[in-house]
Amino acid sequence: MTKGREIVAASTSRGTADMGPVVKVVGSGSRLDRVVWAATGALRKHWLVGLLLAAGLLLRAAAQVGYEPALLFIDSKKYIFGTDFASTDWGSFDPLGYTLFVLHPVLEVADLAFVALAQHVLGMAMAVALYALMLRRGVARWLAALAVAPVLLDAYQLNAEQTIMPDVLFQVLLVAGIVLLLWQPRPALGLISLAGLTLGASAPVRQVGEVLIVPALVYVLAASRDWRRRLLNGAALTFCFVLPVVGYMSYSAVILHYGFELSNMGDAYLYGRAAHAADCATLKLPADERPLCPSPSVAATLGVDGLVNNADAPRTAYQPVNVQLGLLIDTLPLQRQFAYSVLRQQPMRVVGDIAHDSVKIFALTRDTDEGDTPISRWQFQTSYPYYPPGITHYGPSSASNVFAATGGGGYARVNLTAATALRDYQLHGGYTPGPVFGLGLLAGLAGIFTYRRRRDPGDPGSEQSPALALACLLITSSGVAVLLGADLYEFSWRYQLPALITLPIAGALGATAVVRYVRSRGAGAGARAVSVARAGELATAGSEQVS
């Protein structure tokens, strides 16, 4: 038995008459006892998030066992071998921060199975960090637990963690930057600098991370006390954000020889979006650009991604020849001019096309619309998925050869029991419905509008109101910026994953801010009514004394 504990009779005073016996710890007990008491107390206090973490751990264990050593996607080889500039130009298509920050360091000591394991650990760590952040900002424990349930339980998140792709690292960097900025009501210069480095590092992982400087800078300027601190904090954030971006672009130019850029696919996807939105019948184009405009049926069938990457797309099939030199003409400048023509002549068609894609995330179910990248690519299968010619079952490009070239781990294999269970879970409700994101977005926006610059000395909740409203501003705007930034070019269910770590959190913070605001207004009105009544009583008493 634990030494040093005794039961002391409950006080019979009015304040503790109904509390029962009080346990008083006289001695310190052993170190193990203290650890057990602390763990038991934490589990009792945070039992709901504890259950969710346990469920998330079980699901991740099933994914790790179900698909070994890891899942590969169409683009996985680009990140695994993209820096081998002597034999491939894959690294120019998208930034290779994932390769530099994760794959190269891990593959020095382990294999791709360990990368997947690390990504699962990071997925759960994101949930813990966001839960702790919400508690610091006064969100109720049950609401904070529900807000992190999507990142713990969503099967598309599990699939991303098991896959050798940069999505999880991007999420981690986004969460880390948000937590650093929001850990204190007014972030210190050191935290701002670290947040700038973290958020800036997300751009070499996924280029859409470039947009994160906007919400972060707006938040830092709004949260700083005076113009001197705003200037200093804003400059520090911007400088630290730019460092990893410029550093990677320099690496791309000097080491990889791809040029001073994050990616060379910007013009291609600009063409894809413009071509998908264009009305070719009314578009005025030069003769040499006209073949780049797809028919409505082709545009609808291929979608933005197909118009960029499909071998039958106009940008690929169109191969004009310079008759004098007998050489093919590079059509990239023509594609760029075509896209600019669409933007100038039919801007509302482009806006409408983007808006149509941006609302798909709020759908109740996860489906593939015509022209969209198939959602089945991010769904668990009962056999190991292959994507020929890049990832095949047999031959030089086989998944097993990829694993052998990256430290081993065995051949690509599936545990049918675990894979079937995960697929059934994913297809029958194991994802976050779109209306949850919609409610989170609305609540986050509502929380922003609870901002009150002036504080009421008599209202303790008014001190937290500006900080909570600004927290809603940062998380909501970060989520919208990343999601909309991706939708500007093309819609993909894979690109909607950042919603799991932003919109539900924004919703929890926003709901808390709204409740506090309503209660504060009610308490203020009550206090004013009491003051008026008291003043009336004093006036009446004074008149009676005079009479």
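Quick caveat: nothing in here was measured; it's all calculated off a predicted structure.

### Considerations on the packing of helix H9 (residues 189–202) against helix H11 (residues 227–254)
No. 1: Put simply, H9 and H11 touch, their axes get as near as 7 Å, and they point 30 degrees apart. With respect to their mutual orientation, H9 and H11 come out roughly parallel. For H9 against H11, the interelement crossing comes out right-handed. For the pair formed by H9 and H11, the contact residues are Leu 189, Ile 192, Ser 193, Gly 196, Leu 197, Leu 199, Gly 200 and Ala 201 on the first element and Leu 232, Asn 233, Ala 236, Leu 237, Cys 240, Phe 241, Leu 243, Pro 244 and Val 245 on the second.

### Comments concerning helix H7 (residues 155–162)
Since the α-helix advances by 3.6 residues per turn, residues separated by three or four positions end up pointing in the same direction.
No. 1: With respect to burial, H7 is a largely interior element, eight of its eight residues being buried.
No. 2: All buried positions along H7 are accounted for by Ala 155, Tyr 156, Gln 157, Leu 158, Asn 159, Ala 160, Glu 161 and Gln 162.
No. 3: The N-terminus of H7 is capped by Asp 154, whose side-chain oxygen sits 2.8 Å from the backbone nitrogen of Tyr 156.

### A look at the pattern of salt bridges
Between side chains of opposite charge, pairing is possible as soon as their charged atoms come close.
No. 1: The final tally for this structure, using the stated rule, is 12 salt bridges.
No. 2: A salt bridge links Arg 336 to Asp 267, with the nearest nitrogen and oxygen atoms 3.0 Å apart. Here Arg 336 is found in helix H15 (residues 332–345), whereas its partner Asp 267 is found in helix H12 (residues 266–277), with 69 residues between them in sequence.
No. 3: Assessed through its relative accessible area of 27%, Arg 336 is described here as partly exposed.
No. 4: Ionic pairing is found between Lys 360 and Asp 372, a salt bridge with its closest N-O pair at 2.9 Å. One end of the pair, Lys 360, is in the loop between helix H16 (347–358) and helix H17 (399–405); the other, Asp 372, is in the loop between H16 and H17, with 12 residues separating them in the sequence.
No. 5: Residue Lys 360 is classed as buried on the basis of its relative accessible area, which comes to 10%.
No. 6: Each of Arg 273, Asp 353, Asp 357, Lys 360, Asp 369 and Asp 372 takes part in one network of salt bridges that share partners.

### Looking at a nonpolar patch on the surface
No. 1: A contiguous nonpolar patch, built from Leu 194, Leu 197, Phe 239 and Leu 243 and spanning about 380 Å² of accessible area, is present on the exposed surface.
No. 2: At the level of elements, H9 and H11 are the ones that each hand at least two residues to the nonpolar patch.
No. 3: Topologically, Leu 194 is positioned in helix H9.

### Digging into unusual backbone geometry
No. 1: The residue after Glu 68, namely Pro 69, is reached through a cis peptide bond having omega -10 degrees.
No. 2: Checked against the element boundaries, Pro 69 lands in the loop between strand S3 (67–68) and helix H3 (76–81).
No. 3: Even without glycine at this site, His 257 takes up a positive phi of about 60 degrees.
No. 4: Residue position: His 257 is located in the loop between H11 and H12.
No. 5: The exposure class assigned to His 257 is exposed, which follows from its relative accessible area of 55%.

### Here's the deal with the nonpolar core
Nonpolar side chains tend to gather and get buried jointly when the protein is soluble and globular.
No. 1: With 109 residues, the main nonpolar core has Leu 72, Leu 103, Met 134, Val 148, Ile 164, Leu 181 and Leu 509 as its most contacted residues.
No. 2: Counting residues per element, this core draws most heavily on helix H8 (residues 167–182), which supplies 11 residues.
No. 3: Setting aside chain neighbours within four positions, we find Ile 164 in contact with Ala 70, Leu 71, Leu 72, Ser 76, Ile 80, Tyr 98, Leu 103, Leu 112 and Val 115.

### Quick word on the packing of aromatic side chains
No. 1: The final tally for this structure, using the stated rule, is nine aromatic pairs.
No. 2: Considering the side-chain rings of Phe 73 and Tyr 387, the 5.5 Å spacing of their centres and the 70 degrees angle between planes classify their relative orientation as edge-to-face. In this pair, Phe 73 is assigned in the loop between S3 and H3 and Tyr 387 in the loop between H16 and H17, connecting sequence segments 314 residues apart. Across the pair, Tyr 387 and Phe 73 agree in class, each one buried.

### Observations concerning the environment of Ser 383
No. 1: By the secondary structure assignment, Ser 383 is in the loop between H16 and H17.
No. 2: When the C-alpha positions of Ser 383 and Tyr 67 are compared, they lie 8.9 Å apart, and in sequence the two are 316 residues distant.

### Looking at the environment of Asp 288
No. 1: Tracing the backbone through its elements, the reader meets Asp 288 in the loop between H12 and helix H13 (296–309).
No. 2: Under the relative-accessibility criterion, Asp 288 is labelled partly exposed at 38%.
No. 3: Linking Asp 288 and Pro 320, residues 32 residues apart in sequence, is a C-alpha distance of 8.4 Å.
No. 4: Setting aside residues up to four positions removed in sequence, Asp 288 forms contacts with Tyr 318 and Leu 334.

### A few points about helix H18 (residues 416–427)
No. 1: For H18, spanning 12 residues, the distance from its first C-alpha to its last is 16 Å, which sits close to the expected 16 Å at 1.5 Å a residue.
No. 2: Among the residues of H18, Ala 418, Ala 419, Leu 422 and Gln 426 are the ones counted as buried. Seen end-on, H18 carries its buried residues on one side only, within an arc spanning 95 degrees. Turned more than 90 degrees off the buried face of H18, the exposed positions are Leu 416 and Thr 417.
No. 3: The N-cap of H18, judged by a side-chain oxygen 3.2 Å from the amide nitrogen of Thr 417 a few residues on, is Asn 415.
No. 4: Taken from the residues just after H18, Gly 429 is the one with a positive phi, measuring 105 degrees.

The rules behind these values
- Think of each chain on its own: its residues are numbered from 1, step by step along the sequence as written.
- Only residues with pLDDT of at least 70 are given local features in this predicted model, and only at 80 or more are side-chain atom pairs given and counted; all residues enter the totals for whole chains, interfaces and linings.
- The side-chain figures draw on all heavy atoms in the structure; neither hydrogens nor water molecules are used.
- Orientation is described by lines fitted to C-alpha atoms, with helices fitted over the stretch in contact, and by angles between N-to-C directions that extend from 0 to 180 degrees.
- Counting from the N terminus, the helices are DSSP H or I runs at least four residues long and the strands are E runs at least two residues long.
- Here roughly perpendicular refers to angles of 65 to 115 degrees, roughly parallel to angles under 35, roughly antiparallel to angles over 145, and oblique to all remaining angles.
- Each crossing is labelled by how the near helix is turned from the far one, with a counterclockwise turn of less than a right angle marking it left-handed and a clockwise turn marking it right-handed.
- Two residues form a contact once any of their heavy atoms are found within 4.5 Å.
- Residue exposure (1.4 Å probe, protein chains only): buried if accessible area is under 20% of the type maximum, exposed if over 50%, otherwise partly exposed.
- For the purposes of these results, a polar contact is taken to be a pair of N or O atoms within 3.5 Å, where, inside protein, one atom must be able to donate a hydrogen and its partner to accept one; residues adjacent in sequence count only when each atom of the pair is a side-chain atom.
- Salt bridges are defined as contacts in which a side-chain nitrogen from Lys or Arg sits within 4 Å of a carboxyl oxygen from Asp or Glu.
- Every patch collects residues that have over 30% relative accessible area and no salt bridge, joining them within 9 Å if they carry like charges and within 5 Å if they are nonpolar side chains (Val, Leu, Ile, Met, Phe, Trp, Tyr).
- Computed by Shrake-Rupley with a 1.4 Å probe, the accessible areas treat only the displayed protein chains as cover when residues are assessed.
- In this description, a nonpolar core means a group of buried Ala, Val, Leu, Ile, Met, Phe, Trp, Tyr and Cys residues linked to one another through side-chain atoms lying within 4.5 Å.
- For this analysis, a ring pair means two rings from Phe, Tyr or Trp (six-membered ring only for Trp) whose centres lie within 6.5 Å, classed as stacked if their planes differ by under 30 degrees, edge-to-face if by over 60, and tilted for the remaining angles.
- Under the convention used throughout, the expected extent of a helix is 1.5 Å for every residue step, that is, one less than its residue count.
- Working note: the arc is built from the helix axis to C-beta atom directions.

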